[in-house]
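# Summary of the model geometry
The chain contents come next:
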Amino acid sequence: MTAALRFDPIRLPEKCEQLRKEVRAFLAEEIAAGTFDPHKPNREDTDVPEFSRKVGAKGWLGMTWPKKYGGQERSFLERYVVTEEMRVANAPTRRFFVADRQSGPVLLKYAPEHIKMDILPRICRGEICFAIGMSEPNSGSDLFAAKTRATKTDGGYLINGTKIWTSSAHIADYMIAIFRTSPPTKENRRHGLTQFLVKMKQPGIKVNPIGQITGQYEFNEVVFTDHFIPDDHVLGEVDGAWKQATSELAYERSGPERFLETYYVLTELVRAVGPNPDTRSAEGIGRLVAQLHTMRRMSVSVAGMLQAGKEPVVEASIVKDIGTVWEQQLPHRVRDLAAFVEETATNRETLERQLDFAIKTAPKLTIQGGTTEVLRGIIARGLGLR
Amino acid sequence: MAESDNIVVETAEKIFADLGDPQTINNDKKNSWQAPLWQALSEAGLPLSWVPDDLGGSGASLADGFALLNAAGRFAVAVPLAETMLAGWLLAQAKVTSPEGEMTVLPASPKDRITLDADGSLSGRARGVPFAKTTRHFAVLAHGKDGVSIALVDAAKARIESGLNVGYDHSDTVTLDKVQPVTLRAAPKGFDQTMMMLMGGVARSLQIAGALESMLDISVRYSNERVAFEKKISKFQAVQHNLARLAGESAAALAAATSAADAIANATSFDDEVYLEAASAKIRCAEAAEKGGAIAHQVHGAIGFTMEHILHRYSLRALAWRDDFGSESHWAVELGKLVASRGADELWPLVASR
Ligand SMILES: Cc1cc2nc3c(=O)[nH]c(=O)nc-3n(C[C@H](O)[C@H](O)[C@H](O)COP(=O)(O)OP(=O)(O)OC[C@H]3O[C@@H](n4cnc5c(N)ncnc54)[C@H](O)[C@@H]3O)c2cc1C
C-alpha cells in the first residue's frame, strides 16, 4: 500500500475532562461578568487584555512548555481541550493565541536562553501578543519569493521592506518574521531566508491598518525602514529559515481552530428549530454533526500524534483542508436550513445576525495558514506524487 | 492502513491475499474462488470471531473483529463474512449457539420488522438482506408481545426473492410466514433493533473505509504509471489535487469508522455518545464513498469503467454498503432528532464527550 494514513482513535484522558470542567466554569463566570458575549463573534472588542491575563493566571498558556519558562509541562491533549472550549465559547483569544500556539514553540526551539527566560514567562502570564511576519505583497503561497531585506551591520541587522496581512500587528509586542539575508542560490531557491524576533513599537516600524470585508480590523501592512535588530534576535540558522518555517506551520494546521471558526451558527440553528425538527432540518443537522464529529476525531488523533513526538505533516494538512472547507461551507448550509425556521423562533434575529457575519468570514477560512491548493500540494507530496 | 500487529487481522490478510485477491477474483468468471476462500476463513475461525468459545465461536474481541472487517473492506471480499460475524454476535447476545456455515442477519433495514406470534412463530418481511439467497441460517431480531427476541432460523423455511445491490452482490427480500425458528430466546434487557442496526452500520463503515484505502492506493499507483501529454498524469497538479481530496475522504472514513468501532468495543451501553459515534460513522463513510469513488474513477479514466478492471469491485461495493443497516439519510434524520431533543447547549458537550 502506498499511503500510510492512520488516524488512531485517541480518547482524551480523564484529567482532560476535569480540565474541561474548569475551563467551562471559568468561561461561564467571565460571560456572566460581561467580559464577552458568546453570541457575538463579530464584536468590536476582540482584544481584551484583562481576559488574557486571567487565562494566563489559570495556567492555560504555554501549557506544554517547561516549568522554568513559566509553562505547566502538561500534554498537547490538555492544551487541545482548552483551545476547543475557548473557541466554542467565542472567547476573545486574539491577544494570546498566536504566541501560545506558534511563536512560543519557535522561541523554545531557536531563541537564546536569556530571551527565552525573558519572553516565555510573559507569554504564559498572558501579558504579550505576537504576530507572524511571513507574507509579503508579492509573496504569500510562494514564501520563498520574500524580498524584505535584513542587511548585516554592526551588532545586528537593518531591515527594509514590507510585510502584509499581518494579523494583530497593531497590538503586537513582538513579531516572528522571515527576512532575506542573502539571495536564493541557483540550486536552492529556498536558501537565504532567516527567522528573526522583531520587537514592535520601535523606530523604523510602521503599522498600517487594512480593513477586512467582515467590517472588522484584524490584519495590517507593516513597513520596515532601517529598523535595527540585534544579533541575538536571530532565531536559528542564518539563511536556513525555510525548514524552521515549514515545521512551524504544522502547529498551525490541525487544531480545533481549523474547523470551529463558524461553529456558532450550527448551535444557533439547533436552537431555532427546537426540540421537534421537521425531517429536512433533522437530516441537515444530522449530517453536519456527523461531519463535525468526524473532523474532531481526526484532529484529536493528530494532537495524539504530536503528543507522541511525531511530525504528522500530511495528516495535519488533511485536517486543515477538510476542516476549513467544512467551516467555510457551514454558514451556507445553515442558511439553507434556516429558510425553514419558524418566524416565531425566539433566537431568529441572533441566528440571522450570526449568519450574516459568518458568511462574510467564510472566504478567508481556506486562505489563512496556507491555501487549500498549497495544502493539497503537501498531501500530494506525502502520497509520493511529487 | 495498518501494518497490523493484530494476529486476527494478519491471518485474515494472508488468506485474502492468497485466495481473495480482487484481481484474480475479477478474472474468474465462474466464481470458483468462493468455496476455497470461505473454507480457509472458516478454518481460521474468522466468521465466528464474535461468538464466545462456549457458543461455538472463536471468541475474538470486538476490537479484533472490527479490525478484521476493515481488512475485509480493503480486499472488498464478496463472501458473507461481515454478515456471519454480525449474525453470530446477535445470537450470542441471547446465548444462542451458532451453527456452522454462512449466516446473515435480518432485518437489515431499520424500517423492517419481524414479529413473534404467540405460538412462537415468526412473520414479516425484510428487504435488502445481504447474501440471504446463499446463506444457510438467519439470525433474526423479532418483536413480540413481551419484548425483543433473538432467533436462529433455517433459511430453507423462508421465501426469498433474490436481488442484486449496486455492487452485484446478493441483496434479497426475505419473507417469513409463520416460520418456526430453530432456537428462540429473549434478548437481554435493553437490547433493541437500533443497536443491531448501529452495529451493522459500523461494520459497513469499516468495510467502506477499507475499500476507500484500496481505491486511494490503486489510484495513486495508476497515476504514476499512466502517461498523457508525455508526462505521468501524477505530475499534473489537477490530478494531484484530486488524489489529495481522495486521501482526505479515505482518511475521514477511516477515522470515523475506527473511532466508532473503538467506542462500541469499549462501551458498557449504547448511550448517546456511542450513538453519535456509530451514526456519524455511517453517515460520513457513505459520503466519503460517494465523493472518493467518483475521484478514483476520474483518475482511472475509461479503463476504470470496464468490468475487466478491479476498480468497480471497490467503488460499487462501497456505494452499495451505504444502503445496508440504514442509509446515511436515515441516520442523519435520527441523529438530527437526537441532537434537537437534547437542545442546542448540549450539542458541544455531546461532540466533545471523549
Ligand atoms: C485572515 C487572514 C489572516 C492572515 N494572517 C497572516 C499573518 O498573520 N501573517 C502572515 O504572514 N500571513 C497572514 N495571512 C496571509 C496568508 O498566509 C496568505 O494570504 C496565504 O499564504 C496566501 O497568499 P496570497 O494571499 O499572497 O495568495 P497567492 O499566493 O497570491 O495565491 C492566490 C491563489 O493562487 C493559488 N496558488 C498560488 N500558488 C499556487 C500553486 N503553486 N499551485 C496552485 N495554486 C496556487 C493560491 O492557492 C490562491 O488560491 C493571512 C491571511 C488571511 C486571509
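Residues numbered from 1 in each chain as written. Chains lettered and ligands numbered in written order. Predicted model: local features only at pLDDT ≥ 70, side-chain atom pairs only at ≥ 80, totals over all residues. Heavy atoms only, no water.

## As for the site of the ligand
- Taken together, 15 residues are adjacent to the ligand, and A:Ile132, A:Ser141, A:Trp165, A:Thr371 and B:Gln237 come closest.
- The residues that come close to the ligand belong to more than one chain, namely chains A and B.
- A distance of 2.6 Å is found between an oxygen atom of the ligand and a side-chain nitrogen or oxygen belonging to A:Thr371.
- Protein chains shield 64% of the accessible area of the ligand, which is 960 Å² for the free molecule.
- It is strand β3 (residues 156-167) of chain A that contributes the most residues to the shell around the ligand, 3 residues altogether. (Near = heavy atom within 4 Å. Polar contact = N/O pair within 3.5 Å; in protein donor to acceptor, adjacent residues only side chain to side chain. Areas by Shrake-Rupley, 256 points an atom, 1.4 Å probe, with all protein chains shown as cover. Helix = DSSP H or I, 4+ residues; strand = E, 2+ residues; numbered from the N terminus.)

## A closer look at the environment of B:Pro107
Residues and elements named next belong to chain B.
- The topology assignment puts Pro107 in the loop between β1 (103-106) and β2 (114-116).
- Sequence spacing of Pro107 and Val140 is 33 residues, and the spatial spacing of their C-alpha atoms is 6.8 Å.
- Excluding its chain neighbours within four sequence positions, the residues that come into contact with Pro107 are Asp112, Ile114, Ala126, Leu141, Gln193, Met196 and Met197. (Contact = heavy atoms within 4.5 Å.)

## A few points about a positive patch on the surface
- Residues A:Arg190, A:Arg381, A:Arg386, B:Lys232 and B:Lys235 make up a contiguous surface patch of positive charge.
- With respect to the helices and strands, the residue A:Arg386 is situated in the segment after α11 (372-382). (Patch = residues over 30% accessible without salt bridge, like charges linked within 9 Å, V, L, I, M, F, W, Y side chains within 5 Å. Salt bridge = Lys/Arg side-chain N within 4 Å of Asp/Glu carboxyl O. Lys, Arg positive; Asp, Glu negative; His and termini not counted. Charge placed at Lys NZ, Arg CZ, Asp CG, Glu CD.)

## Details of the packing of helix α3 (residues 76-88) of chain A against helix α8 (residues 279-307) of chain A
All names here are of chain A.
- Running from N to C, α3 and α8 point in directions that differ by 145 degrees, and their axes come no closer than 8 Å. When α3 is examined against α8, the residues Phe76, Leu77, Tyr80 and Glu84 are found in contact with a partner set consisting of Arg296, Ser299, Val300, Ala303, Gly304, Leu306 and Gln307.
- The residue makeup of the contact of α3 with α8, split by class, is 6 nonpolar, 3 polar and 2 charged. (Axes fitted to C-alpha atoms, helices over the stretch in contact; angles between N-to-C directions. Nonpolar A, V, L, I, M, F, W, Y, C, P; charged D, E, K, R; others polar.)

## Some details on a nonpolar patch on the surface
Residues and elements named next belong to chain B.
- A surface patch of nonpolar side chains, amounting to about 330 Å² of accessible area, comprises Leu164, Tyr168 and Met307.
- By the element assignment, Met307 lies in the loop between α8 (272-300) and α9 (311-321).
- Using a relative accessible area of 42% as the deciding quantity, one classes Met307 as partly exposed. (Buried < 20%, exposed > 50% of the residue type's maximum accessible area, 1.4 Å probe, protein only.)

## A look at empty space enclosed by the protein
Residues and elements named next belong to chain B.
- Enumeration over the complete set of coordinates arrives at 4 cavities of 30 Å³ or more.
- Computed from the structure, the largest cavity encloses a volume of approximately 100 Å³.
- Taken together, 16 residues form the lining of the largest cavity, with Glu83, Phe131, Arg204, Gln207 and Trp321 sitting closest to its centre.
- Secondary structure elements with two or more residues in the lining of the largest cavity: α5 (81-93) and α6 (193-223).
- Here the lining of the largest cavity takes 3 residues from α5, the largest share from any one element.
- Along the lines of polarity and charge, the residues of the lining of the largest cavity split into 9 nonpolar, 3 polar and 4 charged. (1 Å grid on protein atoms, 1.4 Å probe; cavity = no way out; pocket = protein on both sides within 12 Å on 5 of 7 lines; lining within 4 Å. Points joined across faces, edges and corners; volume = space filled by probe spheres on them.)

## Digging into the packing of helix α7 (residues 264-273) of chain A against helix α9 (residues 313-338) of chain A
All names here are of chain A.
- Here α7 crosses α9 at 15 degrees, and the two axes come no closer than 9 Å. Accordingly, the angle class assigned to the pair α7 and α9 is roughly parallel. Handedness of the α7/α9 crossing: left-handed. Along its contact with α7, which presents Val265, Leu266 and Leu269, the element α9 presents Leu330, Pro331, Val334, Leu337 and Ala338. (Parallel < 35°, antiparallel > 145°, perpendicular 65-115°, else oblique. Left-handed = near helix turned anticlockwise from the far one by under 90°.)

## A closer look at the interface of chain B and chain A
- Counting residues at the interface gives 55 residues for chain B and 51 residues for chain A.
- For the pair chain B and chain A, the summed buried area comes to about 4,600 Å², and 66% of that belongs to carbon and sulfur atoms.
- Scanning the region where chain B abuts chain A turns up 4 salt bridges.
- Note that B:Asp262 and A:Arg11 form a salt bridge whose closest N and O atoms lie 2.8 Å from each other.
- Between the two partners, chain B and chain A, sit 17 residue pairs in polar contact (both at pLDDT 80 or more).
- Listed by contribution, the elements that provide at least two residues to the side of chain B that touches chain A are α6, α7 (237-265), α8, α10 (328-342) and α11 (347-351) of chain B.
- Top contributing element to the side of chain B that touches chain A by residue count: α7(B), with 17 residues.
- Class assignment of the residues belonging to the side of chain B that touches chain A gives a composition of 26 nonpolar, 15 polar and 14 charged. (Buried area = accessible area lost by both parts, 1.4 Å probe.)

## Topic: the pairing of strand β5 (residues 193-199) of chain A
All names here are of chain A.
- Judged by how many residues are buried, β5 sits mostly within the fold: 6 of 7 residues are covered.
- Note: strand β4 (residues 174-180) against β5, 7 bridges, orientation antiparallel. Bridged to Ile178 within β5 is Gln195.
- Pairing of β5 with strand β8 (residues 234-235), which is carried by 2 bridges, proceeds in the antiparallel orientation. In the strand pairing of β8, Gln195 is matched with Leu235. (Pairing = 2+ DSSP bridges.)

## Some details on unusual backbone geometry
Residue and element names in this part refer to chain B.
- Looking along the chain, the bond that leaves Leu106 and enters Pro107 is cis, with omega of -5 degrees.
- Within the chain, Lys95 stands out as a residue other than glycine whose phi angle is a positive 60 degrees.
- Structurally, Lys95 is set in the loop between α5 and β1.
- Non-glycine residue Phe131 carries a positive phi angle of around 60 degrees.
- The topology assignment puts Phe131 in the loop between β3 (122-130) and β4 (137-144).
- Residue Phe131 is classed as buried on the basis of its relative accessible area of 10%.

## Observations regarding the confidence of the model for chain B
- When pLDDT is averaged across chain B, the result is 96; 99% of the residues are at 70 or more.
- Predicted complex, confidence summary: ipTM 0.96, pTM 0.96. (pLDDT = per-residue confidence, 0-100.)

## Examining the pairing of strand β7 (residues 217-230) of chain A
All names here are of chain A.
- Relative to β7, β3 runs antiparallel, the two being bridged by 9 bridges. What sits directly across from Thr162, in β7, is Val223.
- Here strand β6 (residues 205-211) folds back onto β7 in antiparallel fashion, the turn holding 5 residues, of which Gly215 has a positive phi close to 90 degrees.

## Notes on the packing of aromatic side chains
- Enumeration over the complete set of coordinates arrives at 15 aromatic pairs over all chains.
- Ring geometry for B:Phe229 against B:Phe236: centres 6.2 Å apart, planes inclined by 85 degrees, an arrangement best described as edge-to-face.
- Among the residues examined, B:Phe236 registers a relative accessible area of 23% and is labelled partly exposed.
- The rings of A:Phe26, A:Phe36, A:Phe51, A:Trp60 and A:Phe96 are connected pair by pair, giving a single aromatic cluster.
- The cationic tip of A:Lys152 hangs over the ring face of A:Tyr157; the distance from NZ or CZ to the ring centre is 4.8 Å. (Phe/Tyr/Trp six-rings, centres within 6.5 Å; stacked < 30°, edge-to-face > 60°. Lys NZ or Arg CZ within 6 Å of the ring centre and 35° of its normal.)

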